[in-house]
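# Secondary and tertiary structure notes
Spelled out, the chains give:
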Amino acid sequence: MNTVEKKALLVIIALVLPILLSSLTSVATTSPTSIQIPPITYNVTELVAADIGPGAPVIVKPGDSFNITLIAPLNISAGYIWTVAPSGSKLVLRNYTVNVVKTGATQLTIKLPQEVQDGVYDLVLVSGGSCTSVNDALICPLPYYTIPRSVTVISGLPRVLKIVENTDLHFISGQPDPIAGDLNRFSAAVVTSFLNPHLVLWLGDVGDTAAIKEYQMAQAYRYTFYYPYPVLSIPGNHDGDGKSYSKYIGPVRWYRVLGDKLLIVGIFSTESGYPSWEDLSFLAQTLETYSSIPLKLVLVHHPPFYYQGTVVSRYDDENTLKPYAPGVSTPVSSYWSNNMTAFRIFLKLVEDYNVTAVLSGHTHRDFFVNYTSTRTGTTTYFLTFTTSAHGSASYDGIGYFEIDLETGEISFPIRTPWWNGFSSKTLRPNLALNSIPVGIYIPQNNLGWSNREYIPMRMIYSQTAYVFSMENKLDWLNLSGEIVWSLPWAGDAFNSTVNTDNGGVFQVLDHIILNGRLILYARISLPYLGKISASLHIVKDTSPPNIVIKGFSRTPTLNRTIVIYIRLSDREWGIDPFSIKVWFNDQLFNYSYAPGTITTQTNEVEISLNTVLRSTATTNATLKIQVSDNSGKVSNKTFIVTYFAPQEAPQKPVYYEYPPSEVTTTSPTETPSTTTSPATTTPPETTPPPPTTSPVTAPSPFVDMTVVAVILIVTIIILMVSIYLYRRGRH
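Residues numbered from 1 in each chain as written. Predicted model: local features only at pLDDT ≥ 70, side-chain atom pairs only at ≥ 80, totals over all residues. Heavy atoms only, no water.

### Re the overall build of the chain
The helix and strand tally for the chain stands at eight helices and 42 strands. In the chain, the proportion of contacts linking residues at least 24 apart, taken out of those at least 6 apart, comes to 72%. As displayed, the chain offers around 30300 Å² of accessible surface, 53% of which is attributable to carbon and sulfur atoms. (Helix = DSSP H or I, 4+ residues; strand = E, 2+ residues; numbered from the N terminus. Contact = heavy atoms within 4.5 Å. Areas by Shrake-Rupley, 256 points an atom, 1.4 Å probe, with all protein chains shown as cover.)

### A few points about the sheet that holds strand β33 (residues 562-569)
Paired through their backbone hydrogen bonds, the strands of a sheet run either parallel or antiparallel. Taken together, four strands build an open sheet; the order of strands is β32-β33-β37-β36 and the sheet is antiparallel. Looking at which strands have only one partner, the edges of the open sheet turn out to be β32 (546-552) and β36 (592-594). Between one strand axis and the next, the sheet turns through 25° on average, direction left out of account. Where β36 and strand β37 (residues 604-611) come together, three bridges link them in antiparallel fashion. If you follow Y593 over to β37, its bridge partner there is I607. (Pairing = 2+ DSSP bridges. Axes fitted to C-alpha atoms, helices over the stretch in contact; angles between N-to-C directions.)

### Remarks on the packing of aromatic side chains
Tallied over the full model, the rule gives 39 aromatic pairs. Their ring planes at 85° and their centres at 5.9 Å tell us that Y371 and F382 sit as a pair that is edge-to-face. Here Y371, found in strand β18 (residues 367-373), pairs with F382, found in strand β19 (residues 379-384); they are eleven residues apart in sequence, far enough to count as distant. Looking at Y371, the relative accessible area reads 1%, which means it is buried. Where W418 meets W449, the ring centres are 5.8 Å apart and the plane angle is 55°; that geometry is what we call tilted. (Phe/Tyr/Trp six-rings, centres within 6.5 Å; stacked < 30°, edge-to-face > 60°. Buried < 20%, exposed > 50% of the residue type's maximum accessible area, 1.4 Å probe, protein only.)

### Some details on the sheet that holds strand β30 (residues 517-526)
What the three strands build is an open sheet, ordered β27-β30-β29; its pairing is antiparallel. A single partner strand is all that each edge strand has here, and the edge strands are β27 (479-488) and β29 (505-514). Each strand axis lies, on average, 15° off the axis of its neighbour in the sheet, ignoring direction. Of the strand pairs in this sheet, β29 and β30 are connected by nine bridges, and their pairing is antiparallel. Each residue of the ladder has a partner; that of I513, found in β30, is L518. Docked against the sheet, helix α2 (residues 178-195) engages β27 and β30, running at close to 120° with respect to β27. Its contacts with the sheet place helix α3 (residues 212-225) against β27 and β30, and it is angled at close to 125° to β27.

### Some remarks on the environment of V116
The topology assignment puts V116 in the loop between β5 (107-111) and β6 (119-127). V116 sits 54 residues away from P62 along the chain, and the two C-alpha atoms are 5.6 Å apart. Those residues in contact with V116 that sit more than four places away from it in its chain are P62, G63, I81, Y96, Y121 and V153.

### Quick notes on the pairing of β33
Of all eight residues making up β33, six are buried, and the element is well covered by its neighbours. Looking at chain direction, β32 and β33 are connected through six bridges and run antiparallel. Looking across to β33, one finds that I549 is bridged to I566. Both β33 and β37 contribute to a ladder of eight bridges, which runs antiparallel. Looking at the pairing, I562 lines up with T611 of β37.

### Thoughts on the nonpolar core
The biggest cluster of nonpolar side chains holds 72 residues, and the ones touching the most others in it are F225, M470 and W485. Counting residues per element, this core draws most heavily on α2, which supplies seven residues. Of all hydrophobic cores here, the second largest spans 31 residues; its members include V265, L283, I293 and L321. (Core = buried A, V, L, I, M, F, W, Y, C linked by side-chain atoms within 4.5 Å.)

### Some thoughts on the side chain of D396
Along the chain, D396 turns up in the loop between β19 and β20 (397-404). No salt bridge is formed by the buried D396, whose closest oppositely charged neighbour, R185, lies at an N-O distance of 7.8 Å. One polar contact links D396 to N184, side chain to side chain, over a distance of 2.8 Å. A distance of 3.1 Å separates a polar atom in the side chain of D396 from the backbone nitrogen of H390. Apart from residues no more than four positions distant in its own chain, D396 is found in contact with N184, T386, T387, S388, A389, H390, I436, P437, V438 and Y441. (Lys, Arg positive; Asp, Glu negative; His and termini not counted. Salt bridge = Lys/Arg side-chain N within 4 Å of Asp/Glu carboxyl O. Polar contact = N/O pair within 3.5 Å; in protein donor to acceptor, adjacent residues only side chain to side chain.)

Structure below.
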């Protein structure tokens, strides 16, 4: 190799090596797609047990045993329970081996250790089965089966039990659209956490059309935002025959006993409007078996009474308790009026066993009935609550009450300014305003109210971040408390930004990343007009959204409806669906949004515009779109679209972008407080749960290892060739 060749080679190395190293650094620090947060339904599981689930956990003491029935025979050899729970200002992993004894083909008896601490746990059943051949296919059992949030351990009951109800959640719908329902479901879950209840009740209509995806989302929400609380749920008429519900939430009828103080029974009222004979028989047998328990709650979706106030009667009083019909004055609901025999049997059970309260939903309005039996002298509260996330006669809300387990007294610690209690004096007949309002309410209600904001909250998430906001517009209620969320996550990095105003506080106390989830422990304060906006993310957002025309329903033609499809994408924190604005010929324009819900990741969304341009000659229209991502970066694009006279229309649409892309970046008005910390690790008390299968294979959120490996290999090859040629030149 002559001197000129050597110099040329050195120049090539000097030029190529920095480029390769720069590429390596760029990939290692900016690649946002190398690791991605999975969907919120990640790890949702179909239940393997028939009698427990996330909406019907067994309630036991340390050292107790309980029985479960499997849906199908499984070769279970062992099991354990685990959870992550606050201890002081820290989170700890609690994990205990349980003793599992198979007592029948589908029957298991499970015994807890004496040292187990109070809390809500996942039950994990470990399979010891071997593979079998079925129709020439090898079928192998899973190594383990998880029944999420299905074991509640309570070592001792408090004197006063705090209960919060959410009803008619109607996953994944809402009024006037599903996004309004999404906002209010999130607000209801967060406000429930502020109240820190001992029990949460879901009073039916968990789904809307009884589709499988609705219960998958319900289980995901229950696991994510109600993580530390036992949730006792019943189905309603919108849950169909209960089959889809029972696959993901739990049994359609059940009972639970809390110590020797409180019996809770849940039964199923279907589209008929009243419980079946099977449910009434189940209720009668359970009340008889546990007749010695002093306090009793019965949950049934359809309320027996459609009335606000006091009723003094008895189950067989045919003068006062007449079936509903137009023009007939009666407190009996139209639902139960379809079967007055069932109504009277139910009311007789309530009287005979001195039921403390009957809790219902369905009506999307509040009314409270103080019922006294002239036959037994007993008093029962019939409490019916408004929807938490759907169209209402008043507003969407949650109910909160306390039961004194010594005296049986029921009290309502938080009362709205419009509180009616059991009074018959209401703004409208049979329309009380007792529930705590949540979220927003857009449609006009029965009182003429519309476009009201109470506790507006939103959670939007993408493949790299969760972004949420909270605000309190109730001047009569200061909100504060602690939350424990279990969010689907990816990688080991955790970053957060927090902006607050008017006294709002969001303080991350601790976090643990475990089994593909971020368990977050935070303290929140929302006084009147307090605001919080925050993000939980694995990478920073560095680029604005992208806007492209995806297509047209047909070549734009004058005087005809033309649908324009626009794709909005953002590879990092995702599109903010509330920021989208469209102008057509300088007029603000309505659009349809897909997927139509914010329960899915917003990295790519689509809007569609139904346009009609009136003219007689081919002309151009101006289409302008503005959108922000969830970090506040704004993109604007303007397109010129040609609308042709019918006889002049070409096969393909004609449009172009003008002027070139406009991109601006905005920052929040408040100065963000940013924290970055490694994952917290806490030693388990026994063997930790087996890691779940993760959709992510990259070991770091910042490094695409495939690209890095290729760059390193190319660099090494160049260096080796250079050395070889150099030595050969010397010889």
